[in-house]
Protein chains: 2
Amino acid sequence: METMKATFMYGAGDVRVETIPAPSLIEATDAVIRTVRSCVCGSDLHPYHSMEVSEQGSPMGHEVMGVVEEVGAAVTSLRPGDLVISSFTYQDNTCEFCREGFHVSCLHGGFFGGQGIGLQAEFVRVPLADGTLVAVRAADGSAVDETGNGSEELLASLLSLSDVYLTGYHAATMGQVGPGQTVTVIGDGAVGLSAVLASRQLGADRIILMGRHASRTDLGREFGATDVVAERGEEGIELVRDLTGGHGSHVVLEAVGHRPAYEQAAGVVRAGGTISRVGVPQYREAPIGGSLFLNNITLTGGTAPVRRYLESATAQVVAGEINPGRVFDVAMPLTQAPAAYAAMDRREALKVMLVP
Amino acid sequence: METMKATFMYGAGDVRVETIPAPSLIEATDAVIRTVRSCVCGSDLHPYHSMEVSEQGSPMGHEVMGVVEEVGAAVTSLRPGDLVISSFTYQDNTCEFCREGFHVSCLHGGFFGGQGIGLQAEFVRVPLADGTLVAVRAADGSAVDETGNGSEELLASLLSLSDVYLTGYHAATMGQVGPGQTVTVIGDGAVGLSAVLASRQLGADRIILMGRHASRTDLGREFGATDVVAERGEEGIELVRDLTGGHGSHVVLEAVGHRPAYEQAAGVVRAGGTISRVGVPQYREAPIGGSLFLNNITLTGGTAPVRRYLESATAQVVAGEINPGRVFDVAMPLTQAPAAYAAMDRREALKVMLVP
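Residues numbered from 1 in each chain as written. Chains lettered and ligands numbered in written order. Predicted model: local features only at pLDDT ≥ 70, side-chain atom pairs only at ≥ 80, totals over all residues. Heavy atoms only, no water.

Chain A is annotated in an unreviewed UniProt entry as Threonine dehydrogenase-like Zn-dependent dehydrogenase from Citricoccus muralis. The annotation that UniProt attaches to chain A under Cofactor (unreviewed entry) is "Zn(2+)". (UniProt positions renumbered as here; feature names shortened; annotations may be inferred.)

All right, on to the environment of B:G279 then. Its place among the elements puts B:G279 in the loop between strand 15 (269-277) and strand 16 (285-287). Here the alpha-carbon distance between B:G279 and B:G187, two residues 92 residues apart in the chain, equals 9.1 Å. Other than its neighbours up to four places away in sequence, B:G279 contacts A:F293, B:E254, B:A255, B:V256 and B:G257. (Helix = DSSP H or I, 4+ residues; strand = E, 2+ residues; numbered from the N terminus. Contact = heavy atoms within 4.5 Å.)

The relation between the two chain copies is a rotation about an axis coupled with a shift along that axis. Under the fitted operation, chain A is carried onto chain B by 0.0 Å of movement along the axis and a turn of 180°, and the coordinates agree to an RMSD of 0.0 Å. Considering both components of the superposition, the chain copies are consistent with a two-fold axis. For chain A, the residue whose C-alpha comes nearest the rotation axis is A:L299, separated from it by 2.5 Å. Both copies share a contact surface, since 100% of the interface residues of chain A are interface residues in chain B too. (Least-squares fit on C-alpha atoms with pLDDT ≥ 70 in both.)

Under the feature "domain: Alcohol dehydrogenase-like C-terminal" (unreviewed entry), the UniProt entry names residues 190-301 of chain A. Summarising residues 190-301 of chain A: 43% helix, 27% strand, and an end-to-end C-alpha distance of 17 Å.

Quick look at the sheet that holds strand 4 (residues 58-59) of chain A now. Residue and element names in this part refer to chain A. Here we have three strands laid out as an open sheet, ordered 2-1-4, and antiparallel in their pairing. Each having just a single partner strand, strand 2 (14-21) and strand 4 make up the two edges of the open sheet. Across two bridges, strand 1 (residues 3-11) lies against strand 4 in antiparallel orientation. Bridge pairing links M9 to S58 in strand 4. Sheet contacts for helix 12 (residues 337-345): strand 1 and strand 2; angle to strand 2, the most-contacted strand, approximately 155°. (Pairing = 2+ DSSP bridges. Axes fitted to C-alpha atoms, helices over the stretch in contact; angles between N-to-C directions.)

All names here are of chain B. Structurally, D82 is set in the loop between strand 5 (64-71) and strand 6 (83-86). A distance of 2.8 Å separates a polar atom in the side chain of D82 from the backbone nitrogen of R79. Contact partners of D82, with chain neighbours within four places excluded, come to G66, V67, V68, S77, A135 and R137. (Polar contact = N/O pair within 3.5 Å; in protein donor to acceptor, adjacent residues only side chain to side chain.)

Residues and elements named next belong to chain A. Split by domain assignment, chain A resolves into domain 1 (3-163 + 305-355) and domain 2 (168-301). Each of domain 1 and domain 2 has a C-alpha centre, and the two are 27 Å apart. Listed as interface residues are 16 residues of domain 1 and, on the opposing side, 19 residues of domain 2. Carbon and sulfur atoms supply 64% of the area buried between domain 1 and domain 2, which totals about 1400 Å² over both sides. (Domains from an automatic or database assignment. Buried area = accessible area lost by both parts, 1.4 Å probe.)

With numbering matched to this structure, UniProt assigns "domain: Alcohol dehydrogenase-like N-terminal" (unreviewed entry) to residues 28-128 of chain A. Secondary structure within residues 28-128 of chain A divides into 10% helix and 31% strand; the distance between the first and last C-alpha atoms comes to 9 Å.

So, on to helix 8 (residues 233-243) of chain A. Residue and element names in this part refer to chain A. Within helix 8 the residues assigned to the buried category are G236, I237 and V240. For helix 8, the buried positions fall inside an angular range of 100° around the axis, keeping them on one side. Residues of helix 8 that are exposed and point more than 90 degrees away from the buried face comprise E234, E235 and D242. As for helix 8, its buried residues are in contact with strand 11 (182-186), strand 12 (206-210), strand 13 (227-229) and helix 9 (259-268). Following helix 8 by one or two positions, G245 has its phi on the positive side, about 65°. (Buried < 20%, exposed > 50% of the residue type's maximum accessible area, 1.4 Å probe, protein only. Arc of directions from axis to C-beta.)

Moving on: the packing of aromatic side chains. Counting across every chain of the model gives twelve aromatic pairs over all chains. Here the aromatic rings of B:Y262 and B:Y283 are separated by 5.9 Å at their centres, their planes lie at 45°, and the arrangement is tilted. With B:Y262 in helix 9 (residues 259-268) and B:Y283 in the loop between strand 15 and strand 16, the pair connects residues that are 21 residues apart, well separated along the chain. One exposure class covers both B:Y262 and B:Y283, and it is buried. Linked through ring pairs, A:Y165, A:Y169 and A:Y309 together constitute an aromatic cluster. Taking the ring centre of A:Y10 as reference, the NZ or CZ of A:R16 above it sits at 3.9 Å. The ring of B:F102 has B:R308 sitting right over it, with the charged end atom 5.0 Å from the ring centre. (Phe/Tyr/Trp six-rings, centres within 6.5 Å; stacked < 30°, edge-to-face > 60°. Lys NZ or Arg CZ within 6 Å of the ring centre and 35° of its normal.)

Note: interface size is frequently given as the accessible area lost on complex formation between the parts. Taken together, the contact between chain A and chain B spans 42 residues of the former and 42 residues of the latter. Around 3400 Å² of area is buried between chain A and chain B when both sides are counted, 52% of it from carbon and sulfur atoms. The three residues of chain A that bury the most area against chain B are A:I288, A:F293 and A:N296, which together make up 22% of that side's buried surface. Linking chain A with chain B are six salt bridges, by the criterion used here. A salt bridge links A:E100 to B:R270, with the shortest nitrogen-to-oxygen separation between them at 2.9 Å. Along the contact surface separating chain A from chain B lie 30 residue pairs in polar contact (both at pLDDT 80 or more). (Salt bridge = Lys/Arg side-chain N within 4 Å of Asp/Glu carboxyl O.)

Structure, rendered in structure tokens:
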């Protein structure tokens, strides 16, 4: 049996790349892909900080692009050799929740990484391949090859569609960002910067980025941020309110997940406005009475149904209209995944791409 | 100086009708109206349960219709003799928040009742009268008189627009209720029943009413509820999920305000769905992480900007298209306001109208 390298976490701070059997088809709806690029997510750092020691380890990674090696008999939309992007969940793309655009709640789907199939690996078995993978093609229908037709930049942007950019895009979509609006993005991590780019795509008039790492907020400005507020807490709230005539922001995109970020969002949102969250909440309860109710604040967002947006975003990337892959600032070999986690944890890297 | 009767609360359970000076114009934008009908709100029962003893008392009441007695020099839309309905807030109806439809956040407005002007009184000074009052006219522009042109039913329905019906309507509007949707309404009080009627107006396919008072849920069925679930807590949640193929309700309208009602809402909402709250929250914090985030549940609603809907709803009522005043099951003289509060507190009355 063929073997491969794959990444596991055995407890907080304990990431290992191990050699395990390569996967093969199980269900007729499966595909097996050979990884071209994978990466580490900000949300991978949550278990990196808090995971209890485990004997068997958790397979890691939920973002991948690859080349189709083999498809099951029931797979109709993909052929061996196709360059494909996966969403960070798998889903049938046909059930009632998928049809309503909430693929993360698919009746037959699930999540990659954690307890399931890890995508920081050389090969991946992708369940429900027709519903999960999108083949990358140029506008004329011709194939894009695994070198991105020679463009590392194109590969990075395609990979970003697996989660990070489309998570930012989901925040903006759920927040109903559009022309005439002021949007405040909380968090200068890769998702926050993606939310800036998405807000510009959706036509926001003004985009205020709250973040204090200059190298990141500089990229945020290139992505479309019109203002940067480095201050946090009450001071940051005051500054955003000053920038908005005292009244706050129509939409706030919360891309962190910690409770102070939520409280900051509640502080800068305008009456009648919307807080859209995509940072995985590291809190259970939060204040939702009082001024939120009084002022008709809507709280929305959640786990991004990437598949909803994946085809149109792939076309935009291939056409060169957007370049969301700029959030990748470091690339490492897959075998150095432990160093990749450590670099992101120390904030030496914004987002690390893993190359098999 | 002329005097009038007005209602005050001096502590939990202590409501008194007193004789005080009648109001007169102060600002050029004021009107003074003579009350035709007022009423007691479910939210008046919150201080009735918990208010600390006060020497000076709180003026009570925030729902009224009346006849214009006098208008300030700057008032342009109203004439003495007009039958008018007030929203439970006053506002200029011109500031940026009013223009965005969130009149309760008006830059120059405020709330009736509590610390302000009480509307359970014989006369009322209405600030910002052009922005606050709507004159009742028939479709041909002719006036409707203070007997409702002889219809007590019409008067009741017009009065319900001051708060209760349009609060239910706001819940449904913020929840984006529409055709193709299943709506669950939590609470069989007057606001919950109004939310049922509003959901039917907005075209919901199916309306599940959660409430356990048969006389109230019977009216709910007449207002458009297709199903009634009397059970609460986990049992009630199970039943609603059973009624919806296991998946829950697209929209949940929470018309209670206590935390168990919020938890029930979270239990019956469908993935990708919306909880819209109009019951004034009697809790500060609540769970918003976990499954709400995972399943992209939107939490919306808040204090109803009644003025946004007041003109079109008045036209509907006058045309006989809706009859939301059926939530009034008891009428009493204003001087019996203490008995009105007690009857609603003991649930002997759904909603009591006060007649000067």
